[in-house]
Amino acid sequence: MTTDKPAALSIDVPWGTDTIRVTNVSPHLPADSADSHVAAVTAAGRANPSTWLPDTAWGAIARATTWPEALAVQLRPTQDEPTGLLMVENVEGATLLSVVTRVLLSELFPGPQPRTGMEVSEVPDPQVHGITHEGRPGAIVQYRYENPAHLRNHVWQTIHATLSLNSYATSILTRSVTRNLITHPVEIAFEDGAEPIHVLVVRDGITRLASAWAVLAGHGADPAEVATLATDALLGSASAAGTAAGPGLGERLAASRTRWRQELRQEFHDEMKGTTPGLRAAQIAQSYVVPAQIAVGVEGHEGRVLSPEDIFDDAIRSVLASVHVEFKQWDAAAQNVEVITRALKRIIQQGDPRWNTADLQAVYGLAVGRIPVAELPQVFGGDPAPPGTALWRAVYLVSALTQPDLLELLKDQAKAIKGGQRMSMKGFGELLGPIIDLPWRAKKKLVTKQARNAWNNGGVLSNDVTQGWTPQPIDDFTALIAPAMNGDDDARRTLAVAGGVALIADKLLTRNVGSSLGAKKEKGGVPFRSDVNKVIEGLSRPTNELGLWTLALAANTFRSDDLPQNSVPRQSLTGRESAMSAEPPYVYFKVDLNAPDRIARDANGVPMPLYEWDVVAASAPERAAQAVPSSTVTGPAPVQVPAAPSANGETVLVDGGVSTSASSGEVPITTDPVTALFQDGAAQGAEEALPTVPVPAPRAEDAPPPPSQRAAAHRKALHLGVQGARDALDHLHALEPEVGDHTPIVPVDQLDDLHKLLVGILTDVENLRRRTVENHVPEGDDPESDESQETVLD
């Protein structure tokens, strides 16, 4: 006598304002793997000659799967099939061997991807290192995090950023995840000495992974709540994740996930006891398990150029690129970084005697962010060593990657990866843009799109810059002008790259279009059309003193942690300036070769801000004079700003409200920049915060206070609430440049809700104001209306 398996259910459940038909809801959830299952999978993996993984990695795979017996069968070799029943996939340079199974959602960690890694992010990706065994590559890599808190923050950021971009939650609730996630084991190591752990990581399908968590969280959960749910489930409580160290970390986290699933199974069991299972049962059933393809083995092809430790990661990236470069594309920046970093890695593995392998590894580390900017002096050395700044990182990267022989090899490898037949210098500039802007990407995200477009238009890659040169490290770029004009090509090219990168990064040199011609200079106008690299070439001509000074002052002015007023002027609608930063904004100034400090000033002695018109005109002054007569160009309005640093490092502060003496030509120094620029805002921001006043709650044994007393408390609460909202909004504005590029500081749906709430408050406040005025108008005065009219604000 056989027992029939309980049939799957199909039920209708509410999902927001819709009713969703949920199909194939299993009446039972799979149990966790036992120790015997882990031992069986580990033994089968060891016996397979085509796979090698550490035992702890096999344990992570066995714990994740819902059917360990079938997994062991796939791994077990036979006489006819030495590799067992593994899925075989030939990719570029290697063969991947994988098992196909179903795994628990709560055992899958999101891995870094080019799509997420190249966006503006608060938390950096981990360092990735290959793992080998007896000289052979293993189907495993090591992710190196700073500490467990870094891991936790990275998991949260990846889930949150993914759901802010897209979600398949409705589809997954209807029929669960139907397409395999590409996964593989990973050793997670910590630089602070915490014990390493082995987990299963998703490399493709992170949107499906995050969407499954969104289903479990429910329709009303925003991406931040979903990310918190996933992070807590994977890594336990924040306190445990932040302090967990020492022996047994992996076991403790695995036990925490097991307890979490036990609670979820109990909740599901209770839901299924009813006559008709409800929404919660459907959420758990459709997200509890997902299908996965788990890479467990890799074999490098003959003639490969990569070292064993790089073969597996390159093979996985090749799989991802075949999907996201050819079919479901990443954005251009993610594709470009993938291409240029893989091309450089391949060249490193060729062992070409023309270059020192350690030097190329250092360049690669700088390009991908493994080596921090502060270590630039140690990496390149020299006497003098380069300053450890983001701008000098860009200079040295451009110099290294444009050495003529290396440049041609990089272009060849990039063409092979992209499958193209040719690559122009503009195409190579397109690859460089997203690695150059890595240190300042978050702070300058408002102009990142224009900057990358400028790199697509040639960037700083003029014909001169790509001839091979050595950077000339110096603290004051203006000291390079005289050597540059006297035939020192290294000094001149250093100025071209440093100043050009600064101008591009801050949107003072863009890929100008036809609409820019004839527009006012303060509106982004240019005197003539020209490619970006041609402008750099003109600015850096040895006979163009105006252009060289423009480049030098731009490089001196550049900051990697802010945006200048020239590129993003911020206007306050209320007259109140933000007091979030004590440091004044910075400004690029137009060059005047006749001025002692080479800074152009108007008739009142106020420095004149630099515009893209001025940059383009300085690249070819004669052409600019012919294209647009100077009389037709309106000058910018005077601005009250701190002047650029002078050659000796001092900063001259100018008060635009004071005229200079025509005879002396001196500029009076009147006040400090904070007082000069933010006088009104500082006064407003200095108001003391009102103390928190709780609304009195009546006790059961006491009579409530009189209405007037209660009204006084509520008035105070109303004022504090509105003031708190103002402060919160100020903080959001200050944080906006640092928040991930594809993650809005406040989601649109929440802004819509806030807008409705604020309009309602404003309406009620206005109605109260009118009634109060009318009720207290002196006798004999004629109010606006005999009857109070309710104000309606749309």
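We now turn to the structure provided with this report. Position numbers for residues count from 1 along each chain, tracking the sequence in the order it is written. Selection of residues for local features in this predicted model requires a pLDDT of at least 70, selection of side-chain atom pairs for listing and counting requires 80 or more, and totals for whole chains, interfaces and linings are taken over all residues. Only heavy atoms go into the side-chain values, all of them from the structure, while hydrogens and water stay out.

1. Regarding the overall build of the protein chain
Argument step 1. A helix here means a DSSP run of H or I that spans at least four residues, while a strand means a run of E at least two residues long, and both kinds are numbered starting from the N terminus. When you go through the protein chain residue by residue, the secondary structure sums to 28 helices and 12 strands.
Argument step 2. We call a residue buried when its accessible area falls under 20% of the maximum for its residue type, exposed when it is over 50%, and partly exposed in between, using a 1.4 Å probe and counting protein chains only. Burial analysis of the protein chain (794 residues in total) assigns 47% to the buried set.
Argument step 3. For the protein chain, restricting intrachain contacts to residue pairs at least 6 apart in sequence, the fraction spanning at least 24 positions comes to 72%. Residue contacts are defined here by distance: any two heavy atoms, one from each residue, within 4.5 Å place the two residues in contact.

2. Quick look at the environment of Ser-98
Argument step 1. Mapped onto the elements of the fold, Ser-98 is located in strand E4 (residues 94-104).
Argument step 2. Residue Ser-98 is classed as buried on the basis of its relative accessible area of 3%.
Argument step 3. With sequence-adjacent residues up to four places away left out, Ser-98 is seen in contact with Leu-86, Met-87, Gln-293, Ile-294, Ala-295 and Val-296.

3. Looking at the pattern of salt bridges
Argument step 1. Salt bridges are defined by distance alone: a side-chain nitrogen of Lys or Arg within 4 Å of a carboxyl oxygen of Asp or Glu. Applying the stated criterion to the full structure yields 28 salt bridges.
Argument step 2. The salt bridge involving Arg-152 is made with Asp-232; its shortest N-O contact spans 2.3 Å. Taken together, the positions of Arg-152 in helix H5 (residues 148-165) and Asp-232 in helix H8 (residues 223-235) put the pair 80 residues apart, joining distant regions of the chain.
Argument step 3. The class for Arg-152 is buried, based on a relative accessible area of 12%.
Argument step 4. Taking the relative accessible area as the measure of exposure, Asp-232 reaches 33% and is therefore partly exposed.
Argument step 5. Connected through shared salt-bridge partners, Asp-32, Glu-107, Arg-257, Arg-261 and Arg-265 make up one network.

4. Quick word on H8
Argument step 1. Expected helix span is taken as 1.5 Å per residue step, with the number of steps being one fewer than the number of residues. Across its 13 residues, H8 extends 18 Å between first and last C-alpha, which sits within 8% of the 18 Å expected from 1.5 Å per residue.
Argument step 2. What H8 keeps buried is the set Pro-223, Val-226, Ala-227, Ala-230, Thr-231, Ala-233, Leu-234 and Leu-235. Seen from one end, H8 has its buried residues packed into an arc of 170°, which puts them on one side. What the arc covers is the set of directions going from the helix axis to the C-beta atoms.

5. Concerning the nonpolar core
Argument step 1. In plain words, nonpolar cores are sets of buried Ala, Val, Leu, Ile, Met, Phe, Trp, Tyr and Cys residues tied together by side-chain atoms within 4.5 Å. Among the nonpolar cores identified, the biggest contains 94 residues, and Leu-75, Trp-213 and Val-296 are the most heavily contacted of them.
Argument step 2. By residue number, the principal contributor to this core is helix H7 (residues 206-217), which donates eight residues.
Argument step 3. Ranked by size, the runner-up nonpolar core spans 87 residues in total, among them Val-398, Trp-455, Phe-558 and Leu-610.

6. Brief notes about the pairing of strand E6 (residues 127-133)
On a regular strand, one side chain projects to one face of the sheet and the next to the other, so that they alternate.
Argument step 1. Strands pair, by our definition, only if DSSP identifies at least two bridges between them. Note: E6 against strand E7 (residues 136-145), six bridges, orientation antiparallel. Note that in E7 the partner of Val-128 across the bridge is Tyr-143.
Argument step 2. Hairpin connection, E6 to E7: the antiparallel pair is bridged by two residues, and Glu-134 has positive phi, about 55°.

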